[in-house]
Amino acid sequence: MKIRVLGCSGAIAAGYKTTAFLLDDDVLIDAGTGVGDLPLDALARIDHILVSHSHLDHVLSIPLLADSVLRLRAAAGRPPIQVHALPQTLEALRRHIFNGVIWPDFTRLPKAESPVLSLHPFEIGERLDLGKGRSIEVLSAAHTVPAVGFAVDAGPASGHAHWVFTGDTGPNPALWQRLAQLKLSHLVIETAFSNEEHELASLSQHLCPAALARELAHLDGPVSVHITHIKPGEVEAVMQEIASLSTGHTLRPLQAGDVMAL
Ligand SMILES: [Zn+2]
Ligand SMILES: [Zn+2]
């Protein structure tokens, strides 16, 4: 099992793509702008999209991907791409994107009986079975809209080590309670703002380095911690503040193109 980082930035600029991870070659975790760097045949292999929340930087490649692969998948008789998310997130996609105004309703195209996308609700705490022995737990997140994180179980050979992605989140005690019960190999955690912007971080329910330190104090370790969702142009400032934190964990900035073997 491997996870490739397609995008991990909090916004766009040349060289910066928003959140998307590819598990093996068929499961997408969030669908930010990073998805657009995959060649068409790789896009057509995606069978599942797990969505952390409804914000645009995490969902905007879903409608574009549907359009890109619709003909290829229909010609090959492939089933719909399954989009998995909280019911509120699926409702937001239906109402605000696949509404015939922003984009056509690809849950009914090219044919209502065999569409390119199908929507599948999940709940926090649920374990999704994605085939090939892959199991992903839905974790809680604390954000301005209903949101989740994900824990990918690397399987029995790893002693059930988990790759964990927090999603967009502010301080979240429930997450640390659950992670205390799991074996962790990697933690991908957001730090969207620098300390100078701590008020904005708090209002928008994101983390800044000072808040990150308070969160990581709940995590037994050492764990390999990867920082994600930093705004373009702020990576150095945020990582400098993070470098001054005293923690037993290894902290590094996540980069598009990184591949993590589980
Ligand atoms: Zn968000
Ligand atoms: Zn975001």
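Definitions and cut-offs
- Just so you know, the residues in each chain are numbered from 1, in the order the chain's sequence is written.
- Here chains are named by letter from A upward and ligands by number from 1 upward, in the order in which they appear as written.
- Local features in this predicted model are restricted to residues of pLDDT 70 or higher, and side-chain atom pairs are both shown and tallied only at a pLDDT of 80 or more, whereas totals for entire chains, interfaces and linings draw on every residue.
- Hydrogens and water are ignored here; the side-chain numbers use all heavy atoms of the structure.
- As a rule, N, O and S atoms within 2.8 Å of a metal are its donors, except that Na, K and Ca use 3.2 Å; water is not among the atoms, so sites may look incomplete.
- Donor angles set the geometry label: tetrahedral for four donors if every angle is between 85 and 135 degrees, square planar for four and octahedral for six if opposite donors exceed 155 degrees and the others are between 65 and 115, irregular for anything else.
- Only protein chains enter the calculation, and the probe is 1.4 Å; a residue is then buried if its accessible area is under 20% of its type maximum, exposed if over 50%, and partly exposed in between.
- When DSSP finds at least two bridges between two strands, those strands are taken to pair.
- Secondary structure follows DSSP: runs of H or I at least 4 residues long count as helices, runs of E at least 2 residues long count as strands, and numbering of each begins at the N terminus.
- Every axis in this analysis is a line fitted to C-alpha atoms, fitted for helices over the stretch in contact. Angles between the N-to-C directions lie between 0 and 180 degrees.
- Salt-bridge detection follows one rule: a side-chain nitrogen of Lys or Arg within 4 Å of a carboxyl oxygen of Asp or Glu.
- In summary, the pairing rule links any two rings of Phe, Tyr or Trp, Trp by its six-membered ring, whose centres are within 6.5 Å, and it sorts them by plane angle into stacked for under 30 degrees, edge-to-face for over 60 and tilted for everything else.

J.: Looking at this model, I keep getting lost on the coordination of the zinc ion (ligand 1). Mind explaining?
T.: Geometry sets the ideal angles at a metal, namely 109.5 degrees for four tetrahedral donors and 90 or 180 degrees for six octahedral donors. Within the protein, the zinc ion (ligand 1) binds to His53 (NE2), His55 (ND1), His143 (NE2) and Asp168 (OD); these donor distances fall in the range 2.2 to 2.4 Å. Around the zinc ion (ligand 1) sit four donor atoms; with metal-centred angles ranging over 89 to 167°, the donor geometry is irregular. Residue His53 is classed as buried on the basis of its relative accessible area, which comes to 0%. What makes Asp168 buried here is its relative accessible area of 3%.

J.: Whenever I open this one, the sheet that holds strand 8 (residues 117–121) confuses me. Can you help?
T.: Sheets are built from strands that pair by backbone hydrogen bonding, the pairs being arranged parallel or antiparallel. Read across the sheet, seven strands follow the order 8-5-4-3-2-1-16 without closing on themselves; strand pairing throughout is mixed. The sheet is open, and its two edges are formed by strand 8 and strand 16 (259–261), each paired on a single side. Taking the axes of each pair of neighbouring strands and ignoring which way they run, one obtains an average angle of 20° across the sheet. In terms of strand pairing, strand 3 (residues 27–31) meets strand 4 (residues 48–50) through three bridges, oriented parallel.

J.: Would you explain the pattern of salt bridges in this entry?
T.: For side chains bearing opposite charge, pairing can occur when the charged atoms are close. Inspection of the entire model under this criterion finds 14 salt bridges. Across the salt bridge formed by Asp26 and Lys132, the nearest N and O atoms sit 3.4 Å from each other. Of the two residues, Asp26 sits in the loop between strand 2 (20–23) and strand 3 while Lys132 sits in the loop between strand 9 (127–129) and strand 10 (135–140), which places them 106 residues apart along the sequence. A relative accessible area of 65% places Lys132 in the exposed class. Ionic pairing is found between Glu137 and Arg178, a salt bridge with its closest N-O pair at 2.6 Å. With Glu137 in strand 10 and Arg178 in helix 5 (residues 173–179), this residue pair connects regions lying 41 residues apart in the sequence. Overall, Arg178 belongs to the partly exposed group, its relative accessible area being 26%. A network of salt bridges, in which partner residues are shared, links Asp24, Asp26, Lys132 and Arg134.

J.: Looking at this model, I keep getting lost on the coordination of the zinc ion (ligand 2). Mind explaining?
T.: The protein atoms that coordinate the zinc ion (ligand 2) are Asp57 (OD), His58 (NE2), Asp168 (OD) and His229 (NE2), at distances of 2.1 to 2.2 Å. A spacing of 3.5 Å is found between the zinc ion (ligand 2) and the zinc ion (ligand 1), which share Asp168 as a donor. The class for His58 is buried, based on a relative accessible area of 0%.

J.: Would you explain the packing of aromatic side chains in this entry?
T.: The relation between two aromatic rings is expressed through the spacing of the ring centres and the mutual angle of the planes. This structure, assessed with the given rule, holds five aromatic pairs. Summarising the aromatic geometry, the rings of Phe122 and Phe150 are spaced 5.9 Å apart at their centres and angled 85° between planes, so their arrangement reads as edge-to-face. Of the two residues, Phe122 sits in the loop between strand 8 and strand 9 while Phe150 sits in strand 11 (residues 148–153), which places them 28 residues apart along the sequence. The two residues Phe122 and Phe150 agree in class, both being buried. Members of the aromatic cluster, each reached through a chain of ring pairs, are Phe21, Trp163 and Phe165.

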